[in-house]
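Close look at the chain arrangement
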Amino acid sequence: MFLTNTTATQVRERFGTPCFVYDRSTLESSARNALAFPNAFGFTLRFAMKSNPNHAILKLFLDLGLHIDASSDHEVERALRAGFAPAKIQLTSQAPSKNLAAHIERGVLYNACSLLQLENFGKACPGREVSIRINAGLGSGSTNRTNVGGPGSSFGIWHERLGEARDLAAKHGVKITRLHSHIGSGTDPVVWKRVARMSLGIAGQLPDVKVLNLGGGFKVARMPNEKSTDLQDIGENVRQEFMEFRQRTGRALHLEIEPGTALVANAGCVVASVIDVVDTGKGGYLFAKLDTGMNEVTRPSLYGAQHPIDVLAAEERPSAKVVFVGPCCESGDILTPAPSDPEALAPRDVPRPKTGDLAVVGGAGAYCAAMSTLNYNSYPQAPEVMHENGALRLVRKRQTFEQMLANECSE
Ligand SMILES: *Cc1c(COP(=O)(O)O)cnc(C)c1O
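Just so it is clear, the structure is predicted and the values come from calculations on it, not from any experiment.

1. A look at the pattern of salt bridges
On inspection of all chains with the given rule, the structure shows 17 salt bridges. Put simply, Glu384 and Arg396 hold a salt bridge, and the shortest N to O gap is 3.3 Å. A residue pair is termed long-range when its members are at least 10 positions apart, and Glu384 in strand E19 (residues 384-388) and Arg396 in strand E20 (residues 391-396) qualify at 12 residues. By relative accessible area, Arg396 is classed as partly exposed at 22%. Within this structure, Arg24, Glu28, Glu388 and Arg393 form a network of salt bridges that share partners.

Written out as C-alpha cells, the structure reads:
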C-alpha cells in the first residue's frame, strides 16, 4: 500500500471520506513496465481509458508516450480534451459511432467491432483504412462478466464471418490494415497466448494488415494470494510468434496492446471511514459499515471481485473476522463477498474495527471511480486526489448536492 497512516489521515482531514487517492509513482512504474513489453517489429502501448478516465491520469500517460483505447465517442472527446493527438486515439466501441466521419476527418483511428460498424465505416469513409475487431472463438476473464471472447460474447466480428468482412471492405474500397482482438479482463495468460496465435492466423488471411492489437486483460494481483501476469513472459512468447509469422509470410507486424487494469488498478485506493459496527449474534457475523461501497467500488457486488481492505487502528487491537459492507440500502452492497459466489459473505481477518476508524480499500485504481453506481441513495460522487512528490493534489472535487440535482427540470 502506498499510503501511510499519516497520509490517509491527511486525506480525511483535507477532503473528507470517501475519497479516491492515486499514486503518481505507481502509475509511472506500471506504465514503464508495460512500455518494456517485448516486441519484434515495433510496439504501441494504448491505455484502455475506460478503466480510469480522470484527466490527471490521462495527462500523465500522455507525457509518458502512451496512446489511447477509447470505448465510446465520449471517451474520444475526453482523450482529445486531455491533449492526445487524434492519431493516438483508437475507438473500439460496442455502440456504432455517431461521429464516424468527423473522427476520421480528424485522424482518430477506428476499430470496427461488427459487420454493421464496418458497413457504416465503408459508407462514411470509402477508400480509407480501418481496423477490425475479431472474436477468434475463445475468451477468458476472471469471471463470465469479464469474458469478452468466445461464442458467449457479442464483442467483435465472429471469426467465421471474416469472409463477409472482407467482402464488405472490398465493396467500399476500404482497406483492413489493422486487426484487433481483446478477449477479457483478468485473462488466463495461457489462453491469452493461444488467442495471440489464433489472431496471427487471421492476420495471415488479411494481406493488408500491418498492425496487430492483442488487447489488454492482463491479470493483476490485488490480493496477496492472487498472481499478476508477467508481461515479459507473455510478451516474449508473442515476440517469437511475430518472428515466425514473418518467416512464414514475409510480413513484419507492428504490435499493440491496450491494458487498463495493469496500468492503474494498484495505483489507486479509497480512503474511507468506519461509520458503524454491528453484529448478528453467535451464529452470525460481525459487520463493519464503511462510508464507501458499491457507489465507489462496484466490482465486489457486481462480480465478487476481491479488494484488500486495511483498518488503520491507532493502537494494538485484537484480530476479528469482519464482513465489510457499504452505506447503501441494498443487501448487495458488500465489499467482501466470496470470490466464488458474490452472494456469499467472506469475513476478513483484520484488527477489530471501531466506529471512526480509517479504512483503506486497495486495488481501486481501475473500474472503480469509472464504474460507479453514481448517486444511488443520493450519495454524492467521491473526489479524486493525486498523491505525488509527498503531497496531495485534488484532481476532481466531491460532487455538490446542487450538481446532483442540476439536470432535474422544474415544473
Ligand atoms: C476493457 C478493454 C481493455 C482493457 O482491459 P483490462 O482488463 O483493463 O486490461 C482493452 N481493450 C478493450 C477493447 C477493452 O474493452
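2. Here's the deal with the nonpolar core
Inside soluble globular proteins, nonpolar side chains tend to come together where they are buried. Counting residues in each nonpolar core, the largest one holds 95 residues, and the members touching the most others are Phe47, Phe61 and Ile132. If you tally residues by element for this core, the top one is helix H8 (residues 189-204), at 7 residues. In this view, Ile132 contacts Asn111, Ala112, Leu118, Ile157, Leu162, Ala165, Ile176, Arg178, Leu179, His180 and Leu206; residues no more than four positions away in its chain are not counted. Of all hydrophobic cores here, the second largest spans 14 residues; its members include Phe2, Val11, Phe15 and Leu392.

3. Quick word on the packing of helix H6 (residues 115-124) against helix H7 (residues 162-171)
Any two packed helices are characterised by the angle at which their axes cross and by the distance between the axes. The interhelical angle for the contact between H6 and H7, taken along N-to-C directions, is 10°, at an axis separation of 9 Å. Compared by their axis directions, H6 and H7 come out roughly parallel. Two secondary-structure elements touch here, H6 through Leu115, Leu118 and Glu119 and H7 through Glu164, Ala165, Leu168 and Lys171. Grouping the amino acids of the contact of H6 with H7 by side-chain chemistry returns 4 nonpolar, no polar and 3 charged.

4. Considering the pairing of strand E5 (residues 109-112)
For strand E4 (residues 89-92) and E5, the ladder comprises 3 bridges, and the chain directions are parallel. Its bridge partner being in E5, Gln90 is matched across the sheet by Leu109. Read from E4 through helix H5 (residues 100-106) to E5, the crossover connection turns out right-handed. The sheet contact formed by E5 and strand E6 (residues 129-135) spans 2 bridges and is parallel. The residue of E6 that forms the bridge with Asn111 is Ser131.

5. Some words on the packing of helix H2 (residues 24-35) against helix H3 (residues 55-63)
Between H2 and H3, the shortest axis-to-axis distance is 11 Å and the interhelical angle comes to 45°. Here H2 lies oblique to H3, going by the angle between them. Handedness of the crossing formed by H2 with H3: right-handed. Residues Arg24, Leu27, Glu28 and Ala31 of H2 pack against Ile57, Leu60 and Phe61 of H3. Across the contact of H2 with H3, the residue classes break down as 5 nonpolar, no polar and 2 charged.

6. Here we look at the site of the ligand
Inspection of the region around the ligand gives 15 residues, with Lys50, Ser185, Gly217, Glu258 and Tyr367 positioned closest. Asp69 is positioned with one of its side-chain polar atoms (N or O) 3.3 Å from a nitrogen atom of the ligand. Residue Gly217 places a main-chain N or O atom 2.8 Å away from an oxygen atom belonging to the ligand. In the complex, 94% of the free accessible area of the ligand, which totals 390 Å², lies under the protein chains.

7. Things to note about H6
Of the residues making up H6, those classed as buried are Gln117, Leu118, Phe121 and Gly122. Taken around the axis of H6, the buried residues stretch over an arc of 140°, which confines them to a single face. Away from its buried face by more than 90 degrees, H6 exposes Leu116 and Lys123.

8. Topic: the packing of aromatic side chains
Applying the stated criterion across every chain yields a total of 8 aromatic pairs. Seen from their ring centres, Phe37 and Phe218 are 6.2 Å apart, and the 40° between their planes marks the pair as tilted. Within this pair, whereas Phe37 is found in the loop between H2 and strand E2 (43-48), its partner Phe218 is found in the loop between strand E9 (211-213) and helix H9 (231-249), the two being separated by 181 residues in sequence. When sorted by exposure, Phe37 lands in the same class as Phe218, which is buried. Within the aromatic cluster, the residues linked to one another by ring pairs are Phe37, Phe43, Trp192 and Phe218.

Cut-offs applied
- Think of each chain on its own: its residues are numbered from 1, step by step along the sequence as written.
- Confidence filtering applies because this is a predicted model: local features only for residues at pLDDT of at least 70, side-chain atom pairs given and counted only at 80 or more, and all residues used for totals across whole chains, interfaces and linings.
- As a rule here, side-chain values come from all non-hydrogen atoms in the structure, and water together with hydrogens is ignored.
- Take a side-chain nitrogen of Lys or Arg and a carboxyl oxygen of Asp or Glu: if they are within 4 Å of each other, that pair is a salt bridge.
- Helix and strand assignments follow DSSP, with helices taken as H or I runs no shorter than four residues and strands as E runs no shorter than two, numbered in order from the N terminus.
- Relative accessibility thresholds used throughout: buried, under 20% of the residue-type maximum; exposed, over 50%; partly exposed, between the two (1.4 Å probe, protein chains only).
- What we call a nonpolar core is a set of buried Ala, Val, Leu, Ile, Met, Phe, Trp, Tyr and Cys residues that are connected through their side-chain atoms within 4.5 Å.
- We call two residues in contact whenever any of their non-hydrogen atoms come within 4.5 Å of each other.
- The convention used is that axes are lines fitted to C-alpha atoms, helices contributing only their stretch in contact, and that angles between N-to-C directions extend from 0 to 180 degrees.
- Oblique is the label for any angle not covered by the other classes, which are roughly parallel (under 35 degrees), roughly antiparallel (over 145) and roughly perpendicular (65 to 115).
- Three classes are used: nonpolar for Ala, Val, Leu, Ile, Met, Phe, Trp, Tyr, Cys and Pro, charged for Asp, Glu, Lys and Arg, and polar for all others, with Gly counted as polar.
- Two strands qualify as a pair provided that DSSP identifies no fewer than 2 bridges between them.
- Handedness of a crossover: with both strands directed away from the viewer, a clockwise path from the first strand across the helix to the second marks it as right-handed.
- Whether a crossing is left-handed or right-handed is set by the direction in which the near helix is turned from the far one by less than a right angle, anticlockwise for left-handed and clockwise for right-handed.
- Note on definitions. A residue lies near a molecule or strand when any single heavy atom of the residue is within 4 Å of it.
- Here a polar contact means two N or O atoms within 3.5 Å. Within protein one must be a hydrogen donor candidate and the other an acceptor candidate, and residues neighboring in sequence count only if both atoms are side-chain atoms.
- Only the protein chains shown count as cover for residues, with accessible areas throughout obtained via the Shrake-Rupley method and a probe of 1.4 Å.
- The directions from the helix axis to the C-beta atoms form the arc being described.
- Aromatic pairing here means that ring centres of Phe, Tyr or Trp (its six-membered ring) are within 6.5 Å. Orientation follows from the plane angle: under 30 degrees is stacked, over 60 is edge-to-face, and everything else is tilted.

These figures come from the coordinates and say nothing about function on their own.
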